[in-house]
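This is what each chain is made of:
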Amino acid sequence: MALQPFGDRDGYIWYNGSLMPWREANFHVLSHGLHYASCVFEGERAYGGKIFKMREHSDRLINSGKILGFDIPYTADQLDAAKMEVVKANNLVDCYVRPVSWRGGEQMGVSAPLTKIHTAIAAWEWPSYFSPEIKANGIKLTQGRWARPAPNTAPVHAKASGLYMICTVGKSEAEAKGFHDCLMLDYRGNVAEATGANFFMLQAGKLHTPTPDCFLNGITRQTVIELAGLRQIPVVERFIKPDELKDAEEIFVTGTAAEITPVGQIDDLSFKVGPTTRQLMEDYAKLVRA
Ligand code: PMP
């Protein structure tokens, strides 16, 4: 099947302050962001024409830039307005929204304080990160060989492009072995997350989720913790060792793209898509369209 490249589509992309035709939203090969990963981004979803947790995503983008040492030259209000402009200009109702900010090519040394900060926002239809058939039985994970880095070795709380290098390698290796994604441990050997989604497991009526001290405390993760509270399901944030996975009754991952996705297998362990996961999936689906 021939893939339609992302650069060759109809529509509009918001680029440094205004909409431009999709195919013209390009940048030069000598851009600092490309060479040194001085780049941050967001992943958001619109449901029924409304972007879920839009402000939280704008705030996180601005903060990710600050963590990488640059100021995105737009306020959260301006970013919110731009995102809605993109969704409307492309006649989208249910879609994925991708803001991205990066250092330009005015300087090509490692330190580049005089580079211009570029910002673009695109949106496209992306119904499900994992297909409904895969979701019905849960995705298959395998433990990846790349660890989430320690907080003093990488800007772990930024949604920064550079951090996805190990995710792309890890997920590709997992797929080559017949799995859907990899489960990443952290630098201490604790369970951390999947390559683009946070981790939860149900054990004796409580949800357990790793303490997010070296990876993103996802916006979906925080939403699911609130939803669990409304259902009187206790949530425990703690360090989880891989050998505890065999005692889990249900496992799922959460993220803007993945929403709530059940996990059916982690290497040779199998898990059922259980009632707690189903209930939270239903609650989440209602909330995002509320
Ligand atoms: N961890 C990683 C590595 C991610 O890429 C994402 C997706 N942004 C998440 C967790 C979940 O974050 P959120 O719920 O804010 O989308």
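That block above? That's the structure.
Model, not experiment: these values are computed from the prediction.

Colleague: Honestly, the overall build of the protein in this entry has me stumped. Any pointers?
Modeller: From N to C terminus, the protein includes 7 helices and 16 strands. Taking the principal axes of its C-alpha atoms as reference, the protein extends roughly 55 × 40 × 40 Å. Looking at the protein as a whole, 50% of its 290 residues qualify as buried. Across the protein, the fraction of contacts at a sequence separation of at least 24, relative to all contacts at a separation of at least 6, is 68%. By element, 56% of the accessible surface of the protein is carried by carbon and sulfur atoms, the whole surface being about 13700 Å². If you average the places of the 31 positive and of the 33 negative side-chain charges in the protein, the two averages end up 1 Å apart.

Colleague: Looking at this model, I keep getting lost on helix H6 (residues 219-230). Mind explaining?
Modeller: Given 3.6 residues to a turn, an α-helix orients residues that are three or four positions apart in the same direction. Taking 1.5 Å per residue, 12 residues should reach 16 Å; H6 reaches 17 Å between its end C-alpha atoms and fits that length. Listed in full, the buried residues belonging to H6 are Ile219, Thr220, Arg221, Thr223, Val224, Leu227 and Ala228. Backbone geometry just downstream of H6 places Gln232 in the positive-phi region, at approximately 55°.

Colleague: Looking at this model, I keep getting lost on empty space enclosed by the protein. Mind explaining?
Modeller: Summed over all chains, the structure comprises 1 cavity of 30 Å³ or more. Estimates place the volume of the largest cavity at around 60 Å³. Surrounding the largest cavity, Glu44, Arg45, Tyr47, Phe52, Lys53, His57, Ile219, Thr220, Thr256 and Tyr284 form its lining. Mapped onto the lining of the largest cavity, the elements with two or more residues apiece are strand S4 (44-47) and H6. Top contributing element to the lining of the largest cavity by residue count: S4, with 3 residues.

Colleague: What's the story with the site of the ligand in this structure? I'm lost.
Modeller: Looking at the ligand, there are 14 residues lining it, with Tyr164, Glu193, Ile219, Thr220 and Thr256 nearest. Between the ligand and Glu193 there is a distance of 2.6 Å, counted from a nitrogen atom to a side-chain nitrogen or oxygen. The fraction of the free accessible surface of the ligand (380 Å²) that becomes covered by protein chains is 95%. Of all the secondary-structure elements, those providing two or more residues to the shell around the ligand are H6 and strand S14 (250-255). Split by residue class, the shell around the ligand holds 3 nonpolar, 8 polar and 3 charged.

Colleague: I'm lost on the packing of aromatic side chains in this one. Help?
Modeller: Pairs of aromatic rings are described using the distance from one ring centre to the other and the angle between the two planes. For the structure shown, the criterion picks out 11 aromatic pairs. Judged by centre distance (5.4 Å) and plane angle (50°), the rings of Tyr96 and Trp124 are tilted. Of this pair, Tyr96 sits in strand S6 (residues 95-103) while Trp124 sits in strand S7 (residues 117-124), and the two are 28 residues apart along the sequence. Of the two residues, Tyr96 and Trp124, both sit in the buried class. An aromatic cluster of at least three residues, connected via ring pairs, comprises Phe6, Tyr96, Trp124, Trp126, Tyr129 and Phe130. Above the face of the Phe6 ring, Arg9 is positioned so that its terminal group lies 3.8 Å from the ring centre.

Colleague: Hey, could you run me through the pattern of salt bridges in this one?
Modeller: When charged atoms on two side chains of opposite charge get close, those side chains can pair. Under the counting rule described, the total for this entry stands at 19 salt bridges. Two residues, Asp71 and Lys66, come together in a salt bridge whose shortest N-O distance is 3.1 Å. By relative accessible area, Lys66 is classed as partly exposed at 49%. The partner of Asp283 in a salt bridge is Arg231, and the shortest N-O contact between them spans 2.7 Å. With a gap of 52 residues between them, Asp283 in helix H7 (residues 275-288) and Arg231 in the loop between H6 and strand S13 (235-238) connect regions that are remote in the sequence. The exposure class of Asp283 is buried, given its relative accessible area of 9%.

Cut-offs applied
- Residues numbered from 1 in each chain as written.
- Predicted model: local features only at pLDDT ≥ 70, side-chain atom pairs only at ≥ 80, totals over all residues.
- Heavy atoms only, no water.
- Helix = DSSP H or I, 4+ residues; strand = E, 2+ residues; numbered from the N terminus.
- Buried < 20%, exposed > 50% of the residue type's maximum accessible area, 1.4 Å probe, protein only.
- Contact = heavy atoms within 4.5 Å.
- Areas by Shrake-Rupley, 256 points an atom, 1.4 Å probe, with all protein chains shown as cover.
- Lys, Arg positive; Asp, Glu negative; His and termini not counted.
- Charge placed at Lys NZ, Arg CZ, Asp CG, Glu CD.
- Expected span 1.5 Å × (residues − 1).
- 1 Å grid on protein atoms, 1.4 Å probe; cavity = no way out; pocket = protein on both sides within 12 Å on 5 of 7 lines; lining within 4 Å.
- Points joined across faces, edges and corners; volume = space filled by probe spheres on them.
- Near = heavy atom within 4 Å.
- Polar contact = N/O pair within 3.5 Å; in protein donor to acceptor, adjacent residues only side chain to side chain.
- Nonpolar A, V, L, I, M, F, W, Y, C, P; charged D, E, K, R; others polar.
- Phe/Tyr/Trp six-rings, centres within 6.5 Å; stacked < 30°, edge-to-face > 60°.
- Lys NZ or Arg CZ within 6 Å of the ring centre and 35° of its normal.
- Salt bridge = Lys/Arg side-chain N within 4 Å of Asp/Glu carboxyl O.

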